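# Commentary on secondary and tertiary structure
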Amino acid sequence: PVAIDGNGVYNYADAIIVTVSVGVLKAEIIDFIPDLPASKLDAIDTIGMGNGLKISLRFNSQIWESKFMAVLVDGPAGNCWTPNKYQPSATDHVLTCFMMGRNAEVMEALPNDTARINQALSDLDEAFGGSASTDFIEGVVQNWTAEPYVLGSYSFPAPGTRPLSGLTMREVLAQPVGTTLYFAGEATHNTAASTVPGAMQTGLRAGRRFTHVFVMDVPGLAHPL
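What you see is a predicted model, and the numbers here were worked out from it, not measured in a lab. (Residues numbered from 1 in each chain as written. Predicted model: local features only at pLDDT ≥ 70, side-chain atom pairs only at ≥ 80, totals over all residues. Heavy atoms only, no water.)

## Some details on the confidence of the model for the chain
As a reminder of what qualifies: Confidence of the predictor at the level of single residues is given by pLDDT, which spans 0 to 100. Residue contacts are defined here by distance: any two heavy atoms, one from each residue, within 4.5 Å place the two residues in contact.
In the predicted model, the chain carries a mean pLDDT of 90, and the fraction of residues at 70 or more is 93%. Contacts of residues 216–225 to residues separated by more than four positions or lying in other chains number nine contacts, the stretch itself having pLDDT below 50.

## Concerning the sheet that holds strand β5 (residues 52–59)
The line we're drawing: Strands were regarded as paired on the criterion that DSSP finds at least two bridges between them. Starting at the N terminus, helices and strands are each numbered in turn, a helix being any DSSP run of H or I of at least four residues and a strand any DSSP run of E of at least two. With axes taken as lines fitted to C-alpha atoms, and helix axes fitted only over the stretch in contact, angles between N-to-C directions fall between 0 and 180 degrees.
The sheet built from five strands is open, its strands ordered β6-β7-β8-β5-β9 with antiparallel pairing. In this open sheet, the two edge strands, each paired with only one partner strand, are β6 (70–72) and β9 (136–143). Strand-to-strand, the axes of this sheet are offset by a mean angle of 20 degrees, without reference to chain direction. Pairing geometry for strand β7 (residues 79–81) and strand β8 (residues 93–100), over three bridges, is antiparallel. By the bridge assignment, C80 is partnered in β8 with C97. Where helix α3 (residues 101–109) meets the sheet, its contacts fall on β5, β8 and β9, and the angle it forms with β8 comes to roughly 105 degrees. Across the face of the sheet, helix α4 (residues 113–128) comes into contact with β5, β6, β7, β8 and β9 while running at roughly 65 degrees to β5.

## Concerning the side chain of D123
Here is the rule: We call a residue buried when its accessible area falls under 20% of the maximum for its residue type, exposed when it is over 50%, and partly exposed in between, using a 1.4 Å probe and counting protein chains only. For the purpose of counting charges, residues Lys and Arg are taken to be positive, whereas Asp and Glu are taken to be negative. His and the chain ends are not included. Salt bridge, as applied in this entry: a Lys or Arg side-chain nitrogen positioned within 4 Å of an Asp or Glu carboxyl oxygen.
Checked against the element boundaries, D123 lands in helix α4. There is no salt bridge for the buried D123, and the closest opposite charge comes from R116, which lies 12 Å off by N-O distance.

## A few points about the state of the cysteines
For the record, the criterion: Our working definition of a disulfide is a cysteine sulfur pair at a distance within 2.5 Å.
Enumeration over the complete set of coordinates arrives at one disulfide. Disulfide partner of C80: C97, at an S-S distance of 2.1 Å. Taking the sign of the S-S torsion, about 105 degrees here, the bridge from C80 to C97 comes out right-handed. One end of the pair, C80, is in strand β7; the other, C97, is in strand β8, and 17 residues separate them in sequence. Judged by relative accessible area, C97 falls into the buried class, the value being 0%.

## Looking at a negative patch on the surface
Here is the rule: The patches reported here contain residues having more than 30% relative accessible area and no salt bridge. Joining distances are 9 Å for like charges and 5 Å for nonpolar side chains (Val, Leu, Ile, Met, Phe, Trp, Tyr). Residue burial considers only the protein chains on display, and all accessible areas are found by Shrake-Rupley using a 1.4 Å probe. To locate a charge, take atom NZ for lysine, CZ for arginine, CG for aspartate or CD for glutamate.
Together, E28, D31, D35, D42 and D45 make up a negatively charged patch on the protein surface. Within the secondary structure layout, D45 lies in helix α2 (residues 38–46). Overall, the relative accessible area of 58% leaves D45 in the exposed class.

## Quick word on the nonpolar core
Inclusion rule: Residue types Ala, Val, Leu, Ile, Met, Phe, Trp, Tyr and Cys, when buried and joined through side-chain atoms within 4.5 Å, form a set referred to as a nonpolar core.
Counting residues in each nonpolar core, the largest one holds 23 residues, and the members touching the most others are I55, L57, F59, L95, L124 and F128. Taken together, the elements giving at least two residues each to this core come down to β5, β8, α3 and α4. Here the element with the most residues in this core is α4; it accounts for five residues. When neighbours within four sequence positions are excluded, I55 is seen to be in contact with L95, T96, C97, M99, M107, R116, I117, A120, V140 and V141. Core analysis: the next-biggest nonpolar cluster, separate from the first, contains 15 residues, V18, M169, L173 and F183 among them.

## Details of the layout of surface pockets
Rules: Cavities and pockets are defined on a 1 Å grid built over the protein atoms alone: a cavity is a set of grid points where a 1.4 Å probe fits but cannot escape, while a pocket is an open set with protein on both sides within 12 Å along at least five of seven lines, and lining residues are those with an atom within 4 Å of any such point. Grid points are joined across faces, edges and corners, and a volume is the space filled by probe spheres set on the points. Polar here means any residue outside two lists: the nonpolar Ala, Val, Leu, Ile, Met, Phe, Trp, Tyr, Cys and Pro, and the charged Asp, Glu, Lys and Arg; Gly therefore counts as polar.
Of the voids in this model, the largest pocket is the one considered here, and its volume is about 610 Å³. Around the largest pocket sit 21 residues that line it, and V2, A3, I16, D31 and F32 are the ones nearest its centre. When residues of the lining of the largest pocket are traced back to their parent elements, those giving at least two are β1 (2–4) and β3 (16–18). Taken together, the residues that form the lining of the largest pocket break down as 16 nonpolar, two polar and three charged. Considering the residues around the second largest pocket, the lining is formed by 24 residues, among which S21, M49, V150, S153 and E186 are closest to the centre. Put simply, the parts of the chain that give the lining of the second largest pocket at least two residues each are α1 (22–26) and α7 (196–214).

## Section: α4
Quick note on the threshold: An expected span of 1.5 Å times one less than the residue number is assigned to each helix. For the purposes of these results, a polar contact is taken to be a pair of N or O atoms within 3.5 Å, where, inside protein, one atom must be able to donate a hydrogen and its partner to accept one; residues adjacent in sequence count only when each atom of the pair is a side-chain atom.
End to end, α4 covers 22 Å across 16 residues, agreeing with the expected 22 Å (1.5 Å per residue, within 8%). Within α4, the full set of buried residues consists of A115, R116, I117, A120, L121, D123, L124, D125 and F128. For α4, the side-chain oxygen to backbone nitrogen distance between the N-cap and T114 is 3.2 Å, and the N-cap itself is N112. Just past α4, the residue G129 takes up positive phi, approximately 65 degrees.

Next up, the structure:
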């Protein structure tokens, strides 16, 4: 197969493993020649792709209790947590808020990142008695839905993703096309979609399929993964 990138450069390979998100596949940014099978196009259309933003906020003091793990706010800022529960040695006072679905849509509708940060601070003021805005230093917004190579956060099982019989749409999406086109990524995992471990496992699966076809019977090579 040949992959032609955005600069018009031809890249030749024995096989291609497609790991882009369902959002990118839905947007038809990649032109597959010949077209993908109808069943795979149906899977791409059926599996949902959620919106998603993260906002990280740094404060000049710890506005939360020491045993604080996370807070669910009433506003669109959604679920906020302190990263130092994963990095106990961290000394900065940081909260990260994760917005998906309708909360993400509300945030995306705001005019700019400053407005998004102000909305998150307003939501946190309700939880922490106004200290979020008072002690705020700086913030950063990561809008995964606006990233051209992502176009969303995680896949989700929209209606029809898991029919009552036959393969699920995730299983259909995971199927290779011939012996040269393979698919991986969290959306192709049937039981652990929307997770980092699930994405990694699908990469291993695609690698095993590729090595089984291309190198399994070559004398002197190790057994595939």
